[in-house]
Amino acid sequence: MPRSASTKVRSRWAVFILGLLVTSAAQRLYADWPQFRGPTGDGVVSGPPLPLTWSESEHVTWKVRVPGNGHSSPVIADGRVWLTTAVAQPLDKAEMDRRLALIKDPQGLELVGDLSLRAVCFDAATGKQIHDIELFSPDAPEPIHYTNTYASPTPVLHDGRVYAHFGTYGTAAIDAVTGEVQWRSSELHVDHQNGPGSSPIVSDNLLIAHYDGIDQQFIAALRLADGSLAWRTDRSGTMDPKPELQKAYCTPTLVESERGAELISSAANWVYGYSPTDGSELWKASYGDLGFSTVPRPIVGHGLAYVCTSFGKTQLIAVRYGGRGDVTDSHIAWRSDSQIPKKPSLALVKKQLLVCNDTGILTCLDALTGDQLWRERLGGNHAASPLISGELAYFFDAEGKTTVVRAGQEYEEVAVNQLDAGCQASPAVFEGALFIRTTEHLYRIE
């Protein structure tokens, strides 16, 4: 073979092999579900289509009981499913009443006795339990709202480790293969009042989480290597003078702007933009009206961050990121206060923003203008955040029903599916299968 021809053949083989490597890396990236709402943090699923129909007797590959109680979502990598849970000993009524009487405003609150905060791992293919690891055992757990759990923050999988977070009770790193605890950190504390809720995220070599309590409010980053504190930034915006209206339970979102990475972080009364590297505040925007106990994770698209303000006057605010200082008057593109969710996050499909509130009213808005395109009642009570697969959006309610809707200029229901129990945790996806955590069980559906 002539030298030039041989060179061309080798070049073609090199391009072919490189293409295989890139494709394999991309498939691996999108096969995993490493954090709350998936690889991109917005519930968007890449890969094969999700199942459309299921029931307790149809398309359930396995169903296993999860010990304890928790609202954390499953995270999945390397064929293993991880989630956190809280195993608690109940108090008798007399002791419960005695302790609650010592609390200024005990409405809706509960207390437990001994508490064990744990990480559990299951084989994704078979559902067999692989690990059950105690991470923290608080001596005197704070009260918790009856709708929440002590294990509501979703863990993060990154580079062979599981990072499990329990708010004020601590954060731990676990070897994802052996289950060995690499480090524990318990130096950051707030009074959540209703229990922990904010999930952490990874940015470069940092684990970043919100700490918005009724006593103090800040965002902080721990080093992945050893759990040491890298930075901490207090919230700077003016808040309501009542401490119970200063708390929040939101998860931050990373976005690339023209000047680099920005951390979009919703708190009480304000949404902030921070540098994930050092925690410096870049910008902030006021909700304009009281907003607290914020839960939905911001999503981004079209140069905008879509932020729900949750309790108080519930609003949806579309704010342009990339600003400097107080951008309330300059960067808020539009607002909506009609049937906005307090707990579920949003779904963005091209230019259509799907907004399902806590009572199952689904609204489709124009993502650029906020104009309403249509509205439909799904019913049920909703806390879990939706999934998006192509043009299909999946909405999971607390009664076990999942409604599949096709995003479009008009409402189109594709399927309705029913399980025995419902979701507070947001489902995960792995290898085209749905992993749904209900009140007591974890399902693989495909």
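Residues numbered from 1 in each chain as written. Predicted model: local features only at pLDDT ≥ 70, side-chain atom pairs only at ≥ 80, totals over all residues. Heavy atoms only, no water.

**Student:** Is there a simple way to explain the confidence of the model for the chain in this structure?
**Tutor:** Note: predicted coordinates in regions of low pLDDT should not be interpreted at a detailed level. Overall, the prediction assigns the chain a mean pLDDT of 92, with 93% of residues at 70 or greater. Within the model, pLDDT remains below 50 along residues 14-30, and this stretch shows four contacts once partners closer than five positions in the same chain are excluded. (pLDDT = per-residue confidence, 0-100. Contact = heavy atoms within 4.5 Å.)

**Student:** Just checking my understanding: could you explain the sheet that holds strand S38 (residues 441-445) for this structure?
**Tutor:** The pairing of strands in a sheet comes from backbone hydrogen bonds and takes either a parallel or an antiparallel form. Ordered by their spatial adjacency, four strands build an open sheet running S2-S38-S37-S36, and the pairing between neighbours is antiparallel. Across the chains shown, the open sheet's two edge strands, defined by having one partner strand only, are strand S2 (60-65) and strand S36 (428-430). With direction set aside, neighbouring strand axes in the sheet form an average angle of 20°. Sheet topology note: the S36/strand S37 (residues 433-437) ladder contains three bridges and is antiparallel. Bridge pairing in S37 places Phe430 opposite Ala433. (Pairing = 2+ DSSP bridges. Helix = DSSP H or I, 4+ residues; strand = E, 2+ residues; numbered from the N terminus. Axes fitted to C-alpha atoms, helices over the stretch in contact; angles between N-to-C directions.)

**Student:** Can you walk me through the packing of aromatic side chains in this structure?
**Tutor:** Remark: the centre distance and the inter-plane angle together describe each pair of aromatic rings, the angle taken between the planes. Here the structure, examined in full by the defined rule, presents 11 aromatic pairs. With 6.0 Å between their ring centres and 75° between their planes, Phe136 and Phe166 make a pair best called edge-to-face. Of this pair, Phe136 sits in strand S7 (residues 129-136) while Phe166 sits in the loop between strand S10 (161-165) and strand S11 (171-175), and the two are 30 residues apart along the sequence. Take Phe136: its relative accessible area is 8%, and that puts it in the buried class. A relative accessible area of 0% means that Phe166 is categorised as buried. Here the aromatic rings of Tyr306 and Trp334 are separated by 6.1 Å at their centres, their planes lie at 45°, and the arrangement is tilted. Note that Tyr306 is positioned in strand S23 (residues 304-308) and Trp334 in strand S27 (residues 332-336), a separation of 28 residues in sequence. Classification of Tyr306 by relative accessible area gives buried; the value is 1%. Here Trp334 falls in the buried class, since its relative accessible area comes to 7%. Linked through ring pairs, Trp62, Phe430 and Phe435 together constitute an aromatic cluster. (Phe/Tyr/Trp six-rings, centres within 6.5 Å; stacked < 30°, edge-to-face > 60°. Buried < 20%, exposed > 50% of the residue type's maximum accessible area, 1.4 Å probe, protein only.)

**Student:** Quick question: what am I supposed to make of the environment of Leu442 here?
**Tutor:** Here Leu442 shows up in strand S38. On the basis of relative accessibility, which here comes to 0%, the residue Leu442 falls in the buried class. Taking the C-alpha atoms as reference points, Leu442 and Ser228, 214 residues apart in sequence, are found 33 Å from one another. Leu442 has contacts with Trp62, Lys63, Val64, Val66, Pro74, Val81, Leu83, Phe122, Phe435, Ile436 and Arg437, leaving out every residue within four places of it along the chain.

**Student:** Looking at this structure, I do not really get the sheet that holds strand S15 (residues 217-223). What am I missing?
**Tutor:** In space, the four strands of this open sheet follow the order S13-S14-S15-S16, with antiparallel pairing throughout. The outermost strands of the open sheet, each flanked by one partner alone, are strand S13 (201-203) and strand S16 (229-234). Going from strand to strand, the sheet's axes swing by 25° on average, the running direction of each strand aside.

**Student:** Help me out: how do you make sense of the state of the cysteines in this one?
**Tutor:** Counted according to the given criterion, the structure contains zero disulfides. Cys250 supplies the cysteine sulfur nearest to Cys308, a cysteine that is in no disulfide, at a spacing of 8.9 Å. You can call Cys308 buried: its relative accessible area is 2%. Cysteine Cys423 remains unbridged, with the sulfur of Cys356 as its closest cysteine sulfur at 13 Å. (Disulfide = S-S within 2.5 Å.)

**Student:** I'm lost on the pattern of salt bridges in this one. Help?
**Tutor:** Side-chain pairing between opposite charges can occur once the charged atoms of the two side chains come close. Tallying each qualifying case throughout the model produces 15 salt bridges. The partner of Arg118 in a salt bridge is Asp132, with the nearest N and O atoms 2.7 Å apart. Placement of Arg118 in strand S6 (residues 112-123) and of Asp132 in strand S7 is noted, with a sequence separation of 14 residues between them. (Salt bridge = Lys/Arg side-chain N within 4 Å of Asp/Glu carboxyl O.)

**Student:** For this particular structure, what's the right way to read unusual backbone geometry?
**Tutor:** Keep in mind that most residues, glycine aside, have a negative phi and that most peptide bonds are trans. The residue Asp78 is not glycine, and still its phi comes out positive at about 55°. The residue Asp78 is located in the loop between strand S3 (75-77) and strand S4 (80-90) in this model. Within the chain, Gln339 stands out as a residue other than glycine whose phi angle is a positive 60°. Within the secondary structure, Gln339 is located in the loop between S27 and strand S28 (347-349). Taking relative accessible area as the criterion, Gln339 reaches 32% and is therefore assigned partly exposed.

**Student:** How should I be thinking about the nonpolar core in this particular structure?
**Tutor:** Soluble globular proteins tend to pack their nonpolar side chains together in the buried interior. In terms of nonpolar packing, the biggest core is built from 32 residues, with Leu387, Phe396, Leu434, Phe435 and Ile436 touching the most fellow members. When residues of this core are traced back to their parent elements, those giving at least two are S2, S4, S6, strand S33 (392-396), S36, S37 and S38. Broken down by element, this core gets its largest block of residues, four residues, from S37. Aside from chain neighbours lying at most four places away, what touches Phe435 is Trp62, Pro74, Ile76, Val81, Ala124, Pro427, Ala428, Phe430, Leu442, Tyr443 and Arg444. If you look at the next biggest cluster of nonpolar residues, it comprises 23 residues, including Ala86, Val112, Ala164 and Ile174. (Core = buried A, V, L, I, M, F, W, Y, C linked by side-chain atoms within 4.5 Å.)

**Student:** So what exactly am I meant to see when it comes to the side chain of Thr171 here?
**Tutor:** Counting through the fold element by element, Thr171 comes out in strand S11. Among the polar contacts listed, one links the side chain of Thr171 to the side chain of His165, at a separation of 2.8 Å. When neighbours within four sequence positions are excluded, Thr171 is seen to be in contact with Phe136, Ala164, His165, Trp183, Arg184, Ser185, Leu207, Tyr211 and Leu222. (Polar contact = N/O pair within 3.5 Å; in protein donor to acceptor, adjacent residues only side chain to side chain.)

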